[in-house]
Amino acid sequence: MNNEESAIADEDGIKHILLCRVLLEKTELVSGGSMQSHPSSEDFQSSVVDLVSPKKYIVWSSQMNTHILPEFVISFKTLTSMNSQPFQECDQLPKLDGVPNSLQHFS
């Protein structure tokens, strides 16, 4: 699933994606469907399901505050949502549920 497909539209039909810079460092292999919730050792900071051709990376929660830097919020409407509602410009950044206020203002 692509980011734009997994983004959920708000009440105005606008979808939002948080674009981050991520420091991966040493990556370990985790099998698909694994319930692993932390690195297998302190040597690893992230994981992938496929080391040869990774499509998604997992940054362990113990590394989130030091390895993920939010940079931009991308707000957009898809063609399907545009057909149902007229586009309106956003005058302010969206409120991101679950994201602390200190991380919602990027500069």
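Everything that follows concerns the structure shown earlier in this document.
Per chain, the residues get numbers from 1 upward, laid out in the order the sequence is written. Where totals are concerned, whole chains, interfaces and linings use all residues; where local detail is concerned, this predicted model gives features only for residues with pLDDT of at least 70, and gives and counts side-chain atom pairs only at 80 or more. Side-chain metrics in this entry use all non-hydrogen atoms of the structure; hydrogen atoms and water are not considered.

Draft legend 1. Spotlight on the side chain of E28. Each helix is a run of H or I in the DSSP string that is no shorter than four residues. Each strand is a run of E no shorter than two, and both are numbered from the N terminus. With respect to the helices and strands, E28 occurs in strand 2 (residues 27–29). For the buried E28, no salt bridge exists, and the shortest N-O distance to an oppositely charged side chain is 9.5 Å, to K26. Apart from residues lying up to four places away in sequence, E28 is in contact with Q36, P39, S40, F44, S46, S47, V48 and W60. Only protein chains enter the accessibility calculation, which uses a 1.4 Å probe; a residue whose area is less than 20% of its type maximum is buried, one above 50% is exposed, and one in between is partly exposed. Charged-residue counts in this description rest on Lys and Arg as positive and Asp and Glu as negative, His and the chain ends being excluded. The rule for a salt bridge is simple: a side-chain nitrogen of Lys or Arg has to be within 4 Å of a carboxyl oxygen of Asp or Glu. Contacts between residues were defined by any pair of non-hydrogen atoms, one from each residue, lying within 4.5 Å.

Draft legend 2. A look at the pattern of salt bridges. One pass over the full model with this rule turns up one salt bridge. The closest approach of N and O atoms between E71 and R21, which form a salt bridge, is 2.4 Å. Here E71 is found in strand 5 (residues 68–76), whereas its partner R21 is found in strand 1 (residues 15–22), with 50 residues between them in sequence. Since its relative accessible area comes to 23%, E71 is described here as partly exposed. Among the residues examined, R21 registers a relative accessible area of 55% and is labelled exposed.

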